[in-house]
Amino acid sequence: MISKLPNVGTTIFTVMSALANEHKAINLGQGFPDYSMSEALTELVTKAMKDGFNQYFPMAGYPPLLEAITEKVYRLYGTQLDPKQEITITPGGTYAIYSAITATINKGDEVIVFEPAYDSYIPNIEVNGGIAIRIPLRHPSYSIDWEAVRLAITKKTKMIIINSPHNPTGAVLRENDIEELRKIVTGTNIYIVSDEVYEHLIYDNLPHLSLLKYPELMQRTFICFSFGKIYNCTGWKIGYCIAPEPLTKEFRKVHQFNCFSVNSPIQAALATHLKNEEEYRNLSLILQKKRDYFRELMTVTPLKVIPSHGSYFELYSYERLSTEKEAVLAIRLVKECGVAVIPTSAFYQDATDNKVIRFCFAKKESTLEEAVNRIGKFKW
Ligand code: GLN
């Protein structure tokens, strides 16, 4: 069989989690919390099932949930959406990104991607015949070199993918980034995918500059979100895509023949639960505390922090300790130390190796303590 994705293997998240299970390691690799989710929300799902919300919901989503998202967006970003034409519920953020790319990218279209990049973006582009134009973020700040973006734009540029707070680095876009982006796309037909799944996981009093706040940019943007990251239920695989009507129309053409419609009882439960602002307003503080606790614990190890300002993740450099490749070190860490991490090279097509590994700190304090205790004993 001729593969459509000859260079793609199994995603690093699956690989590292399987290794973690095999070696009974503490899994600080794949990004998911190890603490429990809201009981009120699980009870709402049970209730929805008992109340008979067990058949297909409308293709775009359950109208009360679309309404609840509209209200939340207005409260947070002051933008009035049309729930019927501009929001689509999806089975997760990754699916939303895939659908946006599939709805727009044709053979030969160029898509600008910043590396390190979440590992689904480039295969999503390539399976559609698109060409990923990779631009490295500046290491170690992981900020965008906008001059490099300007130079990379051609007549074939169809899309730019941005991600803030950023996975895997925790970098956050600032006003000047938005302004540069605006300058670059104004007067072009370039679409944007804005991966904002970590919208509520942002620290150090930084504001989340959602593209929802910028009408001029929004008209060309698919903005992708995840409920799993808000409610500590990444395995529920539910999120949504916001895009202006003409884009949403195309998005839904792909979506309707892929999964058609998303899990009904969970949508029904979220329609009620999303009204409770407290649940997501405090997230930044809760996760920032975890980041800080982990950072403090890590000071006993010889690893050097590359400060994260958002997401579930923080990068640590071992540049001064070893020349071992990240991918090799990550395997040794699981086997010899019992801690799973993600090699940052997995987020670069050419496996750029800056001797940096990604840790997920969305864990109970006891988990973080035990993990750091083990790392402290590791032979570099
Ligand atoms: N987003 C999660 C991470 O970066 C993993 C998602 C997945 O496993 N596909 O770890």
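Within each chain, residues carry numbers counting from 1 in the order of the written sequence. Since the coordinates come from a predicted model, pLDDT governs what is reported: local features require at least 70, and pairs of side-chain atoms require 80 or more to be given and counted, while whole-chain, interface and lining totals use all residues. Side-chain figures throughout are based on the complete set of non-hydrogen atoms in the structure, without hydrogens or water.

Put simply, DSSP marks the helices as runs of H or I at least four residues long and the strands as runs of E at least two long, and each gets a number from the N terminus on. For the protein chain, the count of helices and strands is 15 helices and 13 strands. The buried label applies to any residue whose accessible area, calculated with a 1.4 Å probe on protein chains only, is under 20% of its type's maximum; exposed applies above 50%, and partly exposed to all values in between. By residue count, 57% of the 380 residues in the protein chain fall in the buried class. Between two residues, a contact is recorded if the distance between any of their heavy atoms is within 4.5 Å. When contacts within the protein chain are restricted to residue pairs at least 6 apart in sequence, long-range pairs at least 24 apart make up 76% of them. Only the protein chains shown count as cover for residues, and the accessible areas themselves come from Shrake-Rupley with a 1.4 Å probe. With the model as given, the accessible surface of the protein chain reaches about 16,500 Å², and the carbon-plus-sulfur share is 52%. Of the charged side chains in the protein chain, 42 are positive and 42 negative, and the gap between their average positions amounts to 3 Å. This count recognises Lys and Arg as positive and Asp and Glu as negative, with His and chain-terminal groups excluded. Here the site of a charge means NZ on Lys, CZ on Arg, CG on Asp, or CD on Glu.

As a further point, take the nonpolar core. As a rule of thumb, nonpolar side chains are buried together in soluble globular proteins. Ranked by internal contacts, the top residues of the largest apolar core, which has 126 residues, are Ile69, Phe114, Ile160, Phe227, Ile242 and Phe359. Ranked by residues supplied to this core, first place goes to helix H3 (residues 63-77) with 6 residues. Side-chain atoms within 4.5 Å link the members of a nonpolar core, which is a set of buried Ala, Val, Leu, Ile, Met, Phe, Trp, Tyr and Cys residues.

If a single non-hydrogen atom of a residue is within 4 Å of a molecule or strand, that residue counts as near it. The ligand sits among Phe13, Gln30, Gly31, Tyr118, Asn167, Tyr198, Phe313 and Arg358. Protein contacts shield 78% of the accessible area of the ligand, which totals 300 Å² for the unbound molecule. Charged means Asp, Glu, Lys or Arg here, nonpolar means Ala, Val, Leu, Ile, Met, Phe, Trp, Tyr, Cys or Pro, and polar covers whatever is left, Gly included. Residue composition of the shell around the ligand, grouped by class: 4 nonpolar, 3 polar and 1 charged.

In summary, the pairing rule links any two rings of Phe, Tyr or Trp, Trp by its six-membered ring, whose centres are within 6.5 Å, and it sorts them by plane angle into stacked for under 30 degrees, edge-to-face for over 60 and tilted for everything else. Here the structure, examined in full by the defined rule, presents 22 aromatic pairs. A centroid spacing of 6.0 Å and a plane angle of 65° characterise the contact between phenylalanine 53 and phenylalanine 57, whose relative ring orientation is edge-to-face. On the basis of relative accessible area, phenylalanine 57 is assigned to the buried category, the value being 9%. Grouped by ring-pair contacts, the aromatic residues Phe13, Tyr118, Tyr121 and Phe347 constitute a single cluster. We call a charge positioned above a ring when the Lys NZ or Arg CZ atom is no farther than 6 Å from the ring centre and deviates by at most 35 degrees from the ring normal. We note lysine 72 situated over the ring of tyrosine 280; from NZ or CZ to the ring centre the distance is 4.8 Å. Seen from the ring of phenylalanine 313, arginine 358 lies directly overhead, with NZ or CZ sitting 3.4 Å from the centre.

Here the focus is helix H10 (residues 245-255). All buried positions along H10 are accounted for by Leu247, Thr248, Phe251, Arg252, Val254 and His255. The arc enclosing the buried residues of H10, seen along the axis, measures out at 155°, which places them on a common side. Exposed and oriented more than 90 degrees from the buried face of H10 are Pro246 and Lys249. The inward-facing, buried residues of H10 contact helix H4 (83-86), strand S2 (87-90), helix H5 (93-104), strand S6 (191-195), strand S7 (221-226) and strand S8 (239-242). Regarding the arc, it is the one traced by the directions from the helix axis to the C-beta atoms.

The axes used here are C-alpha line fits, helices contributing only the stretch in contact, and every angle between their N-to-C directions lies in the interval 0 to 180 degrees. Where helix H2 (residues 39-50) meets helix H11 (residues 264-273), the closest approach of the two axes is 8 Å, and the angle between their N-to-C directions is 130°. Taken together, the axes of H2 and H11 are oblique relative to one another. Crossing hand, H2 versus H11: right-handed. For the pair H2 and H11, contact is made by Ala40, Leu41, Leu44, Val45, Ala48 and Met49 and by Pro265, Ile266, Ala268, Ala269, Leu270, Thr272 and His273, respectively. Considering only residue class, the contact of H2 with H11 consists of 11 nonpolar, 2 polar and no charged. What sets the label is the angle itself: under 35 degrees gives roughly parallel, over 145 gives roughly antiparallel, 65 to 115 gives roughly perpendicular, and the rest give oblique. Left-handed is the label given to a crossing in which the near helix is rotated counterclockwise from the far helix by less than a right angle, and right-handed is the label when the rotation is clockwise.

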